[in-house]
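The chain contents come next:
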Amino acid sequence: MKLQYFGTAAAEGFPAAFCNCEYCRRARGGLAKELRTRSQAMIDDDLLIDFPPETYLHAMRYGADLSAVTALLVTHSHTDHFYAQELVNRGYKFAHGMRAPSLAIYGNAEVESVLEEGLRREVRPSVREGLHFHRIAPFADFFAGEYHVLSLPAHHGNKEEALLYCVSKGGKTVLWLNDSGPLEESIFPFLEEKGIRADLVSFDCTFADEEHPSGERHMNIFQNMEAREKMAKYRLLKPSAKYYVTHFSHNSAPFRDRMDALAEKYGFIAAHDGSVAEI
Ligand SMILES: [Zn+2]
Ligand SMILES: [Zn+2]
Ligand SMILES: [Zn+2]
């Protein structure tokens, strides 16, 4: 299984669109290296996790054929994770010879309402027909084509039931854990009961090494370590498992060299835009 990180920033991007702080000014001076777009990952060229405003840019930048994507797992409705308007271009005169005529979209009720709102003004009937929404709750267990998917509850505010995902195919498993604060306790026995042994865990590391995170809706690297220890106790990890950190806030100075050194110090790999993990 191949997972490619398309975007690795928190909501505002890095540098942030409207920010003139020292970090963002420095990052603008070395964009080719430091640019971080909003969160998205592609698995095996046909499953996407999240759909930020940069999805179009990501497809151009990494040579992805979005017409081949059959499943889209949406974590939650925040703008940096779900830009539904782009989907109006998926068909009609805008897209010919699509490899997958139908796209299955999985998400919570709020994601469904953002999808409807995003499509409302412009969508052509033939485009609408190709989009199939599946509303899911935490602890769902379903198949998206060849992928076995488990949804997990995120700790990400109380306005919607944000989701995390466990995605398996061909004996390989990815745990996708952003956006979320410290993980719900119920996740660990659930995954144990399902017999999960992860090959790759991708943690929400929005706050990097900030000792006192400014919120409970995301994690720092120390909370990532606690989560990893709990996973080990529940035997949820393969010995060869890889641990990535991603979704960095511009306030945490997510310069590439700094994040590489920080992640390595604690046994993680820092994800960058374009990073590829083969498991
Ligand atoms: Zn986010
Ligand atoms: Zn800034
Ligand atoms: Zn969010």
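First, a word on what this report is: a plain description of the structure on this page. (Residues numbered from 1 in each chain as written. Chains lettered and ligands numbered in written order. Predicted model: local features only at pLDDT ≥ 70, side-chain atom pairs only at ≥ 80, totals over all residues. Heavy atoms only, no water.)

### Thoughts on the coordination of the zinc ion (ligand 1)
Metal coordination angles in their ideal form are 109.5 degrees for the four-donor tetrahedron and 90 or 180 degrees for the six-donor octahedron.
Link 1 in the chain: Taken together, Asp-80 (OD), His-81 (NE2), Asp-179 (OD) and His-247 (NE2) make up the protein donors of the zinc ion (ligand 1), found 2.1 to 2.3 Å from the metal.
Link 2 in the chain: One way to put it: the four donor atoms around the zinc ion (ligand 1) meet at angles of 87 to 154°, and that makes the site irregular. (Donors = N, O, S within 2.8 Å, 3.2 Å for Na, K, Ca; no water. Tetrahedral: all angles 85-135°; square planar, octahedral: opposite > 155°, others 65-115°.)

### Some thoughts on a nonpolar patch on the surface
Link 1 in the chain: A contiguous nonpolar surface patch, about 320 Å² in accessible area, is contributed by Tyr-56, Leu-57 and Met-60.
Link 2 in the chain: Inspection of the secondary structure assignment puts Tyr-56 in helix H3 (residues 55-62). (Patch = residues over 30% accessible without salt bridge, like charges linked within 9 Å, V, L, I, M, F, W, Y side chains within 5 Å. Areas by Shrake-Rupley, 256 points an atom, 1.4 Å probe, with all protein chains shown as cover. Salt bridge = Lys/Arg side-chain N within 4 Å of Asp/Glu carboxyl O. Helix = DSSP H or I, 4+ residues; strand = E, 2+ residues; numbered from the N terminus.)

### Quick notes on the nonpolar core
Link 1 in the chain: Counting residues in each nonpolar core, the largest one holds 34 residues, and the members touching the most others are Leu-175, Leu-177, Leu-183, Leu-191, Val-201, Phe-203 and Met-231.
Link 2 in the chain: Dropping the residues within four chain positions of it, Phe-203 is found in contact with Leu-177, Asn-224, Ala-227, Arg-228, Met-231, Tyr-243, Tyr-244, Val-245, Thr-246 and Phe-268.
Link 3 in the chain: Residues Leu-47, Ala-104, Ala-140 and Val-167 belong to the second largest nonpolar core, which totals 27 residues. (Core = buried A, V, L, I, M, F, W, Y, C linked by side-chain atoms within 4.5 Å. Buried < 20%, exposed > 50% of the residue type's maximum accessible area, 1.4 Å probe, protein only. Contact = heavy atoms within 4.5 Å.)

### Comments concerning the pairing of strand E12 (residues 237-246)
Link 1 in the chain: Sheet analysis places strand E11 (residues 198-204) next to E12, joined by six bridges and oriented parallel. By the bridge assignment for E12, Phe-203 is matched with Val-245.
Link 2 in the chain: Chirality of the crossover, the property in question, places the unit of E11, helix H7 (residues 221-233) and E12 among those that are right-handed. (Pairing = 2+ DSSP bridges. Right-handed = clockwise from strand over helix to strand, strands pointing away.)

### Notes on unusual backbone geometry
Link 1 in the chain: Following Phe-14, the chain continues to Pro-15 via a peptide bond in cis, the omega torsion being -5°.
Link 2 in the chain: Position of Pro-15 relative to the elements: it lies in the loop between strand E1 (2-7) and helix H1 (22-28).
Link 3 in the chain: Omega for the bond connecting Asn-178 with Asp-179 falls within 30 degrees of zero, at 5°, which places this linkage in the cis form.
Link 4 in the chain: In this model, Asp-50 sits at a positive phi of 70°, which is unusual for a non-glycine residue.
Link 5 in the chain: Turning to its location among the elements, Asp-50 is positioned in the loop between strand E3 (47-49) and H3.
Link 6 in the chain: You can call Asp-50 buried: its relative accessible area is 0%.
Link 7 in the chain: For Phe-139, which is not glycine, the phi torsion reads 70° and is therefore positive.
Link 8 in the chain: Turning to its location among the elements, Phe-139 is positioned in the loop between strand E6 (131-135) and strand E7 (141-144).
Link 9 in the chain: Judged by its relative accessible area of 32%, Phe-139 falls in the partly exposed class.

### A short note on the packing of aromatic side chains
Link 1 in the chain: Tallied over the entire structure, the rule returns 11 aromatic pairs.
Link 2 in the chain: Aromatic side chains Tyr-23 and Phe-255 sit 6.1 Å apart centroid to centroid with 85° between the ring planes, which places their arrangement in the edge-to-face category. Of the two residues, Tyr-23 sits in helix H1 while Phe-255 sits in the loop between E12 and helix H8 (256-265), which places them 232 residues apart along the sequence.
Link 3 in the chain: For Tyr-23, a relative accessible area of 28% puts it in the partly exposed group.
Link 4 in the chain: Exposure remark for Phe-255: the relative accessible area of 7% places this residue in the buried category. (Phe/Tyr/Trp six-rings, centres within 6.5 Å; stacked < 30°, edge-to-face > 60°.)

### Concerning the sheet that holds strand E10 (residues 172-177)
Link 1 in the chain: Ordered in space as E7-E8-E9-E10-E11-E12-E13, the seven strands form an open sheet in which the pairing is mixed. With one partner strand each, in any of the chains shown, E7 and strand E13 (269-270) form the two edges of the open sheet.
Link 2 in the chain: Of the strand pairs in this sheet, strand E9 (residues 163-169) and E10 are connected by five bridges, and their pairing is antiparallel. Each residue of the ladder has a partner; that of Tyr-165, found in E10, is Trp-176.
Link 3 in the chain: Set on the sheet, H7 makes contact with E10, E11 and E12; between it and E11 the angle comes to about 150°. (Axes fitted to C-alpha atoms, helices over the stretch in contact; angles between N-to-C directions.)

### Concerning the sheet that holds strand E14 (residues 276-278)
Link 1 in the chain: With respect to topology, seven strands assemble into an open sheet ordered E6-E5-E4-E3-E2-E1-E14, the strand pairing being mixed. Edge positions in the sheet fall to E6 and E14, since each has one partner strand and no second. Geometrically, the sheet is characterised by an average inter-axis angle of 20° between neighbouring strands, direction not taken into account.
Link 2 in the chain: Sheet topology note: the E1/strand E2 (residues 40-43) ladder contains four bridges and is antiparallel. Opposite Tyr-5, over in E2, you have Ala-41 as the bridge partner.
Link 3 in the chain: Relative to the sheet, H3 contacts E1 and E2, its axis offset from that of E1 by approximately 125°.
Link 4 in the chain: Across the sheet, helix H4 (residues 109-120) lies against strand E5 (103-107) and E6, angled at about 155° from E6, the strand it touches most.

### Notes on the pattern of salt bridges
Link 1 in the chain: Summed over the entire model, instances satisfying the criterion amount to 15 salt bridges.
Link 2 in the chain: Ionic pairing is found between Asp-44 and Lys-169, a salt bridge with its closest N-O pair at 2.8 Å. With Asp-44 in the loop between E2 and E3 and Lys-169 in strand E9, the pair connects residues that are 125 residues apart, well separated along the chain.
Link 3 in the chain: On the basis of relative accessibility, which here comes to 19%, the residue Lys-169 falls in the buried class.
Link 4 in the chain: Its salt-bridge partner being Glu-117, residue Arg-120 comes within 3.3 Å of it at the nearest N-O pair. Here Glu-117 and Arg-120 lie together in helix H4, a separation of three residues that amounts to about one turn.
Link 5 in the chain: Classification of Arg-120 as exposed rests on a relative accessible area of 55%.

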